Amino acid sequence: AKGAGKNCVVAYEPRMRADRLNLTRLAAGLRHAIGRRELALHYQPVVELASGAVIGVEALLRWTPETGAVPPTTFIPIAEETGLIVPIGTWVLQQACRDAVSWHRYHDTVLTVNVSARQLREPDFPQTVLDTLRDSGLPPSALILEITETALLAVGAVETRRVIARLEELRRHGIRIAVDDFGTGYSSLSYLRHLPVDILKIDRAFTPDSDGDSAENAAFTRAILQLGRTLDLNTIAEGVETAGQARLLQEMECQLAQGYHFARPMPATALAQLLAGSPAG
Ligand code: C2E
Ligand code: CA
Ligand code: CA
Ligand code: CA
């Protein structure tokens with residue numbers, strides 16, 4: 001940013017307009033993504049640090065229109081803004097449960113599915129989840145719904161109560177709830193006690209480096225792990241990219257982790273092969 005004031009505004013305007021045009025185009029394309037079979041799920045293993053056993057997988061959505069793959073960080077916000085995340089989210093649940101039931105038969109892994117705040121605001125969300133489980137044959141105990149910290153809290157007091165009631169209903173059926181990107185939001189400790197939550201996922205921004213250049217991250221991770229133990233929640237460290245990080249987390253008595261160091265997200269067929277060759281968790 002060289003020029004000051006007015007000049008900057010003028011300079012940025014064409015690009016902003018182009019961005020908006022691009023967003024409109026993406027939103028239009030996303031509308032047809034299910035019908036055109038452009039959506040796919042990849043699965044990233046969650047491993048037990050001590051044994052390396054795969055105990056679960058996270059379903060991650062991929063969108064590849066004719067013009068080339070669009071990253072989730074681009075299209076998920078568009079899907080949320082347009083409300084398309086509701087039908088897309090239902091598709092994700094159905095596809096993921098169908099995939100998971102095929103490997104759940106011989107490998108006791110849990111399936112984690114990301115859920116947006118927008119989906120939780122649908123009164124029939126619990127029924128959609130329960131119907132999907134029944135249709136697929138996947139047991140409720142094999143499903144974890146992952147919800148960001150901000151999604152749980154940012155919808156307003158009345159709406160939050162309704163969302164919590166929906167999550168509690170699902171938990172009564174044995175489905176577990178994980179808080180995604182934990183540490184990036186603002187939930188106070190006392191608040192967390194009242195949320196229907198089973199698992200904390202430490203955002204990868206806090207996953208400590210073994211280089212020691214992130215003493216602050218290490219302290220933060222330790223604090224979250226302690227919090228998890230206090231509240232009797234499982235904790236998963238995300239974004240583990242190196243053996244050093246994995247070792248450090250194990251020293252901190254973190255039990256579960258996920259990241260490129262163990263495995264990248266992969267298509268269902270590749271995951272099935274990986275599970276077939278690894279001991280049941
Ligand atoms: P997330 O739920 O926090 O998922 C973890 C993201 O980190 C994934 O990015 C994953 O590929 C990436 N990742 C995993 N291990 C590592 C690592 O070691 N290093 C680094 N740098 N990254 C790692 P992805 O697949 O691009 O997804 C981005 C976000 O899009 C997700 O973040 C989630 O918020 C959203 N998303 C993806 N699929 C869905 C979906 O089906 N529904 C909803 N609502 N959101 C989704
Ligand atoms: Ca997630
Ligand atoms: Ca996350
Ligand atoms: Ca994230």
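About the criteria used
Residues numbered from 1 in each chain as written. Chains lettered and ligands numbered in written order. Predicted model: local features only at pLDDT ≥ 70, side-chain atom pairs only at ≥ 80, totals over all residues. Heavy atoms only, no water. Helix = DSSP H or I, 4+ residues; strand = E, 2+ residues; numbered from the N terminus. Buried < 20%, exposed > 50% of the residue type's maximum accessible area, 1.4 Å probe, protein only. Areas by Shrake-Rupley, 256 points an atom, 1.4 Å probe, with all protein chains shown as cover. Salt bridge = Lys/Arg side-chain N within 4 Å of Asp/Glu carboxyl O. Axes fitted to C-alpha atoms, helices over the stretch in contact; angles between N-to-C directions. Parallel < 35°, antiparallel > 145°, perpendicular 65-115°, else oblique. Left-handed = near helix turned anticlockwise from the far one by under 90°. Contact = heavy atoms within 4.5 Å. Nonpolar A, V, L, I, M, F, W, Y, C, P; charged D, E, K, R; others polar. Arc of directions from axis to C-beta. Donors = N, O, S within 2.8 Å, 3.2 Å for Na, K, Ca; no water. Core = buried A, V, L, I, M, F, W, Y, C linked by side-chain atoms within 4.5 Å. Pairing = 2+ DSSP bridges. Phe/Tyr/Trp six-rings, centres within 6.5 Å; stacked < 30°, edge-to-face > 60°. Near = heavy atom within 4 Å. Polar contact = N/O pair within 3.5 Å; in protein donor to acceptor, adjacent residues only side chain to side chain.

Engineer: Explain the overall build of the chain to me, please; I cannot follow it from the model alone.
Structural biologist: Along the backbone of the chain there are 11 helices and 9 strands. The buried share of the chain, taken over its 281 residues, is 47%. Surface accessibility of the chain: about 14,700 Å² in total, with carbon and sulfur atoms responsible for 51%.

Engineer: Just checking my understanding: could you explain the pattern of salt bridges for this structure?
Structural biologist: A side chain of one charge can pair with a side chain of the opposite charge when the charged atoms of the two come close. Enumeration over the complete set of coordinates arrives at 9 salt bridges. As a salt-bridge pair, Lys201 and Glu146 come within 3.0 Å of each other at their nearest N and O atoms. Residue Lys201 is located in strand 6 (residues 199-202), and its partner Glu146 is located in strand 4 (residues 143-148); the two are separated by 55 residues in the primary sequence. Side by side, Lys201 and Glu146 carry an identical accessibility label, which is buried.

Engineer: What exactly am I supposed to notice about unusual backbone geometry here?
Structural biologist: Phi is mostly negative for residues that are not glycine, and the peptide bonds are mostly trans. Positioned with a positive phi, Arg37 is a non-glycine residue whose angle comes to about 55 degrees. Mapped onto the secondary structure, Arg37 falls in the loop between helix 1 (6-30) and strand 1 (39-48).

Engineer: Where do I start with the packing of helix 3 (residues 85-104) against helix 5 (residues 125-136) in this structure?
Structural biologist: Axis angle and axis distance: for two packed helices, these are the angle between their axes and the distance between the axes, and together they describe the pair. Contact geometry for helix 3 and helix 5: axes closest at 9 Å, N-to-C directions at 30 degrees. Judged on the interaxial angle alone, helix 5 and helix 3 are roughly parallel. Relative to helix 5, helix 3 is oriented so that their crossing is right-handed. Residues Thr90, Leu93, Gln94, Cys97, Arg98 and Val101 of helix 3 lie in contact with helix 5, whose contacting residues are Phe125, Thr128, Val129, Thr132, Leu133 and Ser136. Among the residues forming the contact of helix 3 with helix 5, the class breakdown is 6 nonpolar, 5 polar and 1 charged.

Engineer: Any chance you could explain helix 2 (residues 72-82) here in plain terms?
Structural biologist: Structurally, the α-helix is built with 3.6 residues per turn, so residues lying three or four positions apart point the same way. Regarding helix 2, the residues found buried are Phe75, Ile78 and Ala79. In an axial view of helix 2, the angular spread of the buried residues amounts to 100 degrees, which keeps them on one side of the axis. With respect to the buried face of helix 2, the exposed residues turned more than 90 degrees away are Thr73 and Glu81. The positive-phi residue at the C-terminal boundary of helix 2 is Gly83, with phi of around 85 degrees.

Engineer: Looking at this structure, how should I read the coordination of the calcium ion (ligand 4)?
Structural biologist: Tetrahedral coordination by four donors places them ideally at 109.5 degrees to one another around the metal; octahedral coordination by six donors ideally gives 90 or 180 degrees. The calcium ion (ligand 4) binds to the protein through Asp181 (OD) and Asp181 (OD), with metal-donor distances spanning 2.8 to 2.9 Å. Between the calcium ion (ligand 4) and the calcium ion (ligand 3), a spacing of 3.7 Å is present, and a bridge between the two is formed by Asp181. Tracing the backbone shows Asp181 in strand 5 (residues 176-182).

Engineer: Please clarify how the coordination of the calcium ion (ligand 2) should be interpreted in this entry.
Structural biologist: Distances from the calcium ion (ligand 2) to its protein donors, Glu58 (OE), Asn114 (OD1), Glu146 (OE) and Asp180 (OD), fall within 2.1 to 2.3 Å. All donors to the calcium ion (ligand 2) come from one chain, and their sequence spacing reads E-x55-N-x31-E-x33-D. Between the calcium ion (ligand 2) and the calcium ion (ligand 3), a spacing of 4.1 Å is present, and a bridge between the two is formed by Asp180. One end of the pair, Glu146, is in strand 4; the other, Asp180, is in strand 5, with 34 residues separating them in the sequence. According to the relative accessible area criterion, Asp180 is buried, its value standing at 7%.

Engineer: Where do I start with the nonpolar core in this structure?
Structural biologist: For soluble globular proteins, nonpolar side chains are generally found buried alongside one another. Core analysis: the largest hydrophobic core is formed by 77 residues, its most contacted members being Leu30, Tyr43, Leu111, Val129, Leu143, Leu145 and Leu200. The greatest single-element share of this core, amounting to 11 residues, is contributed by helix 3. With residues near it in sequence (within four places) discarded, Leu30 still touches Trp63, Phe75, Ile78, Ala79, Leu84 and Ile88. With 7 residues, the next largest nonpolar core counts Val46, Ala178, Ile199 and Leu256 among its residues.

Engineer: How should the pairing of strand 6 be read in this particular structure?
Structural biologist: Put simply, side chains in a regular strand alternate between the two faces of the sheet. Residues of strand 6 alternate between two faces, with Ile199 and Lys201 on one and Leu200 and Ile202 on the opposite face, all of them buried. Summarising the sheet, strand 6 and strand 7 (residues 234-237) pair through 4 bridges and their orientation is parallel. Bridge pairing in strand 7 links Leu200 to Thr235.

Engineer: Even after reading the chapter, I still don't get the packing of aromatic side chains, so can you show me in this structure?
Structural biologist: To describe a pair of aromatic rings, you give the distance between the ring centres and the angle between the ring planes. Across all of its chains, the model carries 3 aromatic pairs by this definition. On the numbers, 5.1 Å between centres and 85 degrees between planes, the contact of Tyr43 with Trp103 is edge-to-face. With Tyr43 in strand 1 and Trp103 in helix 3, the pair connects residues that are 60 residues apart, well separated along the chain. Note on Tyr43: relative accessible area 0%, which makes it buried.

Engineer: Is there a simple way to think about the site of ligand 1 in this case?
Structural biologist: As a structural note, the neighbourhood of ligand 1 is formed by 20 residues, with Arg62, Ser116, Asp180, Glu241 and Tyr260 the closest of them. Ser116 places a polar side-chain atom, nitrogen or oxygen, 2.9 Å from a nitrogen atom of ligand 1. Within the side chain of Asp181, one N or O atom sits 3.4 Å away from an oxygen atom of ligand 1. Coverage of ligand 1 by the protein amounts to 84% of the 810 Å² it exposes when considered alone. Broken down by element, the shell around ligand 1 gets its largest block of residues, 4 residues, from strand 2 (residues 54-63). Partitioning the shell around ligand 1 into residue classes produces 8 nonpolar, 5 polar and 7 charged.

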